[in-house]
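# Architecture at a glance
Given next are the chains, with one letter for each unit.
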Amino acid sequence: MFKSKVHFAFYKSLKSRLIFMIFVLVLVPEVVLCFGILNTYESRAVSIRESEVLSQAKILANKISTSKYFDEDAQIDTLTTIYEGRVLIVDKHFKIIKDTYNLDDGNTIVSEEVIKTFSASEITNYDSKNHYIELSVPISNPNDKDSKIEGALVVSV
């Protein structure tokens, strides 16, 4: 009974309150800074990775459009090896011409990203839950004045 009074008295004392206040004043900013730095770092790393992969995908899409798809197999394999990802080449009829995993060759792909890509826009999505980036780049011949879109290059990294 005497010990419980001593413990209770300690918790009511100014010394315990000061220790608690110092603990809170040190811990709370540290936690806030930690989460802030981690979020900033993640968003910066993702944006750098997106720009790297997007530039490589644009180069590959230009080469594919001028060489009629299958002559660039070595570069497609290099892109998937370096970035540990998957590349799909989709024609204007939404058929998958080339899949680096050879799972969906010949299948039809109809997704929002692919449809938007056929309206001449590049799409980049980052799934923070699963930690992957999906890019979709239109394939059109840079030498054509019409810039008719012949297909889409879908990259998942």
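So, here's what we can say about the structure. Along each chain, numbering runs from 1 in the same order as the chain's sequence is written. Local features in this predicted model are restricted to residues of pLDDT 70 or higher, and side-chain atom pairs are both shown and tallied only at a pLDDT of 80 or more, whereas totals for entire chains, interfaces and linings draw on every residue. Heavy atoms from the whole structure form the basis of all side-chain values; hydrogens and water molecules are not counted.

### What about the environment of Val-157?
Here a helix means four or more residues in a row that DSSP labels H or I, a strand means two or more in a row labelled E, and each is numbered from the N terminus. With respect to the helices and strands, Val-157 occurs in the segment after strand S5 (149-156). Accessibility here uses a 1.4 Å probe with only protein chains present; expressed as a share of the type maximum, an area under 20% marks a residue as buried, one over 50% as exposed, and anything in between as partly exposed. Here Val-157 falls in the buried class, since its relative accessible area comes to 16%. Along the primary structure Val-157 and Ile-82 are separated by 75 residues, whereas in three dimensions their C-alpha atoms are 9.9 Å apart. Here, residues are in contact when the closest pair of their heavy atoms is within 4.5 Å. Non-local contacts of Val-157, meaning those with residues more than four positions away in its chain, are made with Arg-49, Val-53, Tyr-83, Gly-85, Tyr-132 and Ile-133.

### Quick notes on unusual backbone geometry
Of note, Glu-84 is a non-glycine position whose phi angle comes to about 50°, a positive value. Here Glu-84 shows up in the loop between helix H3 (73-83) and strand S1 (86-91). Overall, the relative accessible area of 67% leaves Glu-84 in the exposed class. One non-glycine residue, Asn-102, lies in positive phi territory at about 55°. Following the sequence through the fold, Asn-102 ends up in the loop between strand S2 (96-99) and helix H4 (112-117). Judged by relative accessible area, Asn-102 falls into the exposed class, the value being 53%.

### Some remarks on the pairing of S5
Most of S5 is tucked away: seven of the eight residues are buried. The sheet contact formed by S1 and S5 spans six bridges and is antiparallel. What sits directly across from Asp-91, in S5, is Gly-151. Strands were regarded as paired on the criterion that DSSP finds at least two bridges between them. Sheet topology places strand S4 (residues 132-140) next to S5; seven bridges connect them, and they run antiparallel. When the bridges of S5 are listed, Leu-135 appears paired with Val-155.

### Observations concerning the pairing of strand S3 (residues 123-127)
Along any regular strand, the residues point their side chains to alternate faces of the sheet. Here S3 pairs with S4 via five bridges, running antiparallel. Bridging from a neighbouring strand, Tyr-126 pairs with Ile-133 of S4. What sits between S3 and S4 in their antiparallel hairpin is a turn of four residues, with His-131 showing a positive phi close to 55°.

### Thoughts on the pattern of salt bridges
Salt bridge, as used here, is a side-chain nitrogen of Lys or Arg placed within 4 Å of a carboxyl oxygen of Asp or Glu. As enumerated under the stated definition, the model contains four salt bridges in all. The partner of Asp-104 in a salt bridge is Arg-86, and the shortest N-O contact between them spans 2.8 Å. Placement of the pair is Asp-104 in the loop between S2 and H4 and Arg-86 in strand S1, with a sequence separation of 18 residues. Relative accessible area serves as the criterion here: at 25%, Asp-104 is assigned to the partly exposed category. A salt bridge links Glu-112 to Lys-116; the nearest nitrogen and oxygen atoms lie 3.0 Å apart. With Glu-112 and Lys-116 both in helix H4 and four residues apart, this pair spans about one turn of that helix. On the accessibility criterion, Glu-112 (52% relative accessible area) is exposed. Each of Arg-86, Asp-99 and Asp-104 takes part in a single network of salt bridges with overlapping partners.

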